[in-house]
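The residues making up each chain are set out below.
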Amino acid sequence: MAITSYPFDAQAITESDYSRLFREFKENGVADSIGGTAFSAYGDGSGMNVKVSSGFAIVRGHAVYSTATETLTVPASNTSARVDRVVLRLDPAANSITLAVKQGTAGSSNPPALTQTDTGTYELGLATVAVGANVTSISAASVQSERHFLGNSVGAWTTSTRPTSPRVGRLGFNQATSTWEFWNGTTWTSLVAAVDWNSLSNKPSTFAPAAHGHAWEDITNKPTSLPPGPHTHDWSQVTNKPSTFAPSSHSHSWSSITSKPSTFPPSSHSHSQYLESGDTISWANGSKKPYSNTATDGDWYAVWVEGSGTFCRNTSARKYKENIQDFEIDPDTVLKMRPVIYDRKDQIDEETGEVRPGRKGEVGLIADEAHDLGLNWIVQYLDGEIDALRYDLLGVALLPVVQRQAKQIADLEGRLARLEGTLQ
């Protein structure tokens, strides 16, 4: 069996020998505090690339030192997402440690495996890069650090960056859990064992309490109610007192009453001097006096009823009008209006449900037909729908018909006169 010892004077030592020696002093990792920026990879959305900050690291006993931020190109994205890896790659054949992006497999959520041989290529992972489908840039959120850190005399790491293949007794500080831990050959174990009451030995079975007090809510098995001794309460301490009190019999003057209504709804009554027997015309303000009234004095007016139910007189003087213009009416269109006889539909009172029979055998026109003929100006609309006909405007509609007939009669009379003159 060959035994080799080194380094000694005038002795040929290889880089593999030195690497093996230095690995016992410092294992792989970045020389920085956890969360530091040494060899920190990040994306800034500037394109398909990641940037790696300067730093110092040990890779399988070899040192690498970067003094400036390096920009690495990320391979173009695929139609499926993948996960790439940023690594420090030791290549003994090239005598170098370089930064590289290791491309993952399209459609896989796992990063490519690290190459870690004892004498050949060795890769130290710095970060994973989530490359979305068809993306054209790498954002900050796409890059997740996976750096391992070197400790001073012992290790320092997080749960996800613990040393791989540690030896039994490997000691370090886990910043993720804020505990010192060691490798027992099977698992990482806290340096300080957890102790609970059951694991304590030689503990006393009872404890004499010192003078102390307890809050009311800490007391158990207390009575639900306590009979009070003689005492008094002022008004502000009384709870569940009534907000009002029924007054005893008394009186108030009208001026002393507050919040009284300004008007009072009338009680049940009638207007026999104005209404016909059985009449219930509410929209006319309860008055049907004009029905039995004979026009004998003063000026007479045609009366309209406004949409609000208010009576008003029909005025036609020029002083009430503006923008007066001729209005062309086609006599032939007017003559197409069709007189009809019809029955009114029954009316149902929404409050009482009483059915009021509609009037039968009523003569008139159909507003819809006047609308279809284009005579919209004699049609009334309610809420955008055809509702009624302005029968008071029928005289205006028939005027051009009469005027045309008068002209035709005058023309015929002229022709007849000329014919009689010719025959004499």
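Our subject is the structure listed above.
As the structure is a prediction and not an experimental result, all values here were calculated from the model. (Residues numbered from 1 in each chain as written. Predicted model: local features only at pLDDT ≥ 70, side-chain atom pairs only at ≥ 80, totals over all residues. Heavy atoms only, no water.)

A. Just the overall build of the protein chain, in detail. A count of helical and extended segments in the protein chain gives four helices and 22 strands. Within the protein chain, residue pairs in contact and separated by at least 24 positions form 47% of the contacts whose partners lie at least 6 positions apart. Summed over all atoms, the accessible surface of the protein chain reaches about 31500 Å², with 53% contributed by carbon and sulfur. (Helix = DSSP H or I, 4+ residues; strand = E, 2+ residues; numbered from the N terminus. Contact = heavy atoms within 4.5 Å. Areas by Shrake-Rupley, 256 points an atom, 1.4 Å probe, with all protein chains shown as cover.)

B. Molecular detail of the sheet that holds strand β13 (residues 179-183). As summarised here, the arrangement of the four strands in space is β11-β12-β13-β14, forming an open sheet in which the pairing is mixed. Of all strands in the sheet, those bounded by a partner on one side alone are β11 (155-157) and β14 (188-190). Each adjacent strand pair in this sheet contributes to an overall mean axis angle of 35°, direction not counted. (Pairing = 2+ DSSP bridges. Axes fitted to C-alpha atoms, helices over the stretch in contact; angles between N-to-C directions.)

C. Region of interest: the packing of aromatic side chains. Tallied over the entire structure, the rule returns seven aromatic pairs. When the ring of Trp 197 is compared with that of Phe 207, the centres are 6.3 Å apart and the planes differ by 50°; the resulting orientation is tilted. Of this pair, Trp 197 sits in the loop between β14 and β15 (303-305) while Phe 207 sits in the loop between β14 and β15, and the two are ten residues apart along the sequence. Judged by relative accessible area, Trp 197 falls into the partly exposed class, the value being 49%. Summarising the aromatic geometry, the rings of Trp 254 and Phe 264 are spaced 6.5 Å apart at their centres and angled 45° between planes, so their arrangement reads as tilted. In this pair, Trp 254 is assigned in the loop between β14 and β15 and Phe 264 in the loop between β14 and β15, connecting sequence segments ten residues apart. The two residues Trp 254 and Phe 264 agree in class, both being exposed. One cation-aromatic arrangement involves Lys 241 over Trp 235; the distance from NZ or CZ to the ring centre is 5.2 Å. (Phe/Tyr/Trp six-rings, centres within 6.5 Å; stacked < 30°, edge-to-face > 60°. Buried < 20%, exposed > 50% of the residue type's maximum accessible area, 1.4 Å probe, protein only. Lys NZ or Arg CZ within 6 Å of the ring centre and 35° of its normal.)

D. Structural detail: the side chain of Arg 85. Along the chain, Arg 85 falls in strand β7 (residues 82-91). Given a relative accessible area of 13%, Arg 85 falls into the buried group. Here the side chain of Arg 85 touches Pro 112 through a polar contact of 2.7 Å, landing on its backbone oxygen. With residues up to four places along the chain from it excluded, the contact list for Arg 85 reads Ala 100, Val 101, Lys 102, Pro 111, Pro 112, Ala 113, Leu 114, Ala 127 and Glu 146. (Polar contact = N/O pair within 3.5 Å; in protein donor to acceptor, adjacent residues only side chain to side chain.)

E. Broad picture of the layout of surface pockets. Roughly 1200 Å³ of volume is contained in the largest pocket. Among the secondary structure elements, those contributing two or more residues to the lining of the largest pocket are α3 (367-372) and β22 (385-389). Looking at the lining of the largest pocket element by element, the count peaks at four residues for β22. For the lining of the largest pocket, the per-class residue count stands at twelve nonpolar, four polar and nine charged. (1 Å grid on protein atoms, 1.4 Å probe; cavity = no way out; pocket = protein on both sides within 12 Å on 5 of 7 lines; lining within 4 Å. Points joined across faces, edges and corners; volume = space filled by probe spheres on them. Nonpolar A, V, L, I, M, F, W, Y, C, P; charged D, E, K, R; others polar.)

F. Main features of unusual backbone geometry. With a phi angle near 60°, Asn 202 is a residue other than glycine that sits in the positive phi range. Unlike most non-glycine residues, Asp 383 shows phi in positive territory, near 55°. Within the secondary structure, Asp 383 sits in the loop between β21 (379-382) and β22. Here Asp 383 falls in the exposed class, since its relative accessible area comes to 75%.

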